[in-house]
Amino acid sequence: MNDYIKISGLEVYANHGVFPEENKLGQKFVISIKMCLDLSKASENDDLKQSVDYGEICGRVTQFTQNNTFKLIETLAYGITENLLDNYRLLTSVETTVEKPWAPVGLPLDTVSVTVKRRWHTAYVAVGSNMGDKEKYINTAIQSIDHAKGCHVKSISNLIVTEPYGVTDQPDFLNGALSVITYLEPHELLNLLQKLEQEALRVRERHWGPRTLDLDILLFDDKIISDNDLCVPHIDMQNREFVLKPLSEIAPYALHPIFRKTVLQMYSELKGATQ
């Protein structure tokens, strides 16, 4: 996104700092915000409703800064950024710089500052269950994701009954997929999904074994991640019909960043190979 609105040098007197006297006496903070959004419609129609009111945003940022107390300006910067993304859906990304010109470091300086940036991502998540009330476990998880901080469920596939994969001596699964718009980073989203699995009393007794709830990140923008905790794109997804069938329903043209094939292409190839 090339368009943006920038607020520079908003001065706010507030109470943030590690030392107790900073929280009691307060000091000046200088805040700058870069907000990316598509301004073409606002420009074409000369309509504020198709943009954001920067005066209103200055008031919101001032109120947030004065109504909260944090030890770190890092926390303040993240809080401002997430507050704006949560409340102004036209924004695609927000970059916030918080300056602390009166930082008590005991040495001459102009200012100390931190800058943080958050943007909306698109993630595709596989959902599954083969224990208990499968549909209830899945629907509860979807609702929890949609209400979680920094997440909105955009679309949900139909749920399908599938035979178990890998370990076959267990009940059939109910599987589906959903697209999630989120400003969480991949590992933050992973932590959320694992928390929801724990709340569903999932027990990991054996690999590919029965489970009350299974939530896996399939794709996250066009990122490629491989570490001890997370593998994106999800490993072996190209060979799993219970993944590709529901995913092709909601995101047929989502691109696998390694194979450079769409979900629909992978699903068609898999169906052809198994016939």
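All of these numbers come straight from a predicted model, not from anything done at the bench.

The rules behind each value
Residues numbered from 1 in each chain as written. Predicted model: local features only at pLDDT ≥ 70, side-chain atom pairs only at ≥ 80, totals over all residues. Heavy atoms only, no water. Helix = DSSP H or I, 4+ residues; strand = E, 2+ residues; numbered from the N terminus. Buried < 20%, exposed > 50% of the residue type's maximum accessible area, 1.4 Å probe, protein only. Pairing = 2+ DSSP bridges. Core = buried A, V, L, I, M, F, W, Y, C linked by side-chain atoms within 4.5 Å. Contact = heavy atoms within 4.5 Å.

Caption draft 1: A look at unusual backbone geometry. Each neighbour pair has its own omega, and for valine 232 with proline 233 the value is 0 degrees, a cis peptide bond. On the secondary structure map, proline 233 appears in the loop between strand E11 (231-232) and helix H7 (241-250). For aspartate 46, which is not a glycine, the phi torsion comes out positive at approximately 55 degrees. Examined against the element boundaries, aspartate 46 turns out to sit in the loop between helix H2 (40-45) and helix H3 (54-67). Of note, the phi angle at arginine 260 is positive, near 55 degrees, even though the residue is not glycine. Here arginine 260 lies in the loop between H7 and helix H8 (263-274).

Caption draft 2: Representation of the pairing of strand E2 (residues 27-36). Most of E2 sits inside the fold, with eight of its 10 residues counted as buried. The pairing of strand E1 (residues 4-14) with E2 spans nine bridges and is antiparallel. In the sheet register, isoleucine 5 faces E2, and the bridge partner there is methionine 35. As judged from the seven bridges shared by E2 and strand E3 (residues 93-100), these two strands associate in the antiparallel manner. Paired with lysine 34 across the two strands is glutamate 95, which belongs to E3.

Caption draft 3: Representation of the nonpolar core within the structure. Counting residues in each nonpolar core, the largest one holds 29 residues, and the members touching the most others are Met35, Ile80, Leu84 and Leu91. Counting residues per element, the ones that place at least two in this core are E1, E2, H3, helix H4 (73-87), E3 and strand E4 (112-119). Looking at this core, the element that brings in the most residues is H4, giving six residues. Look past the residues within four positions of leucine 84 in its chain and what remains in contact with it is Ile33, Met35, Ile57, Arg60, Val61, Leu91 and Val94. Residues Ala123, Ile142, Ile225 and Val232 belong to the second largest nonpolar core, which totals 27 residues.

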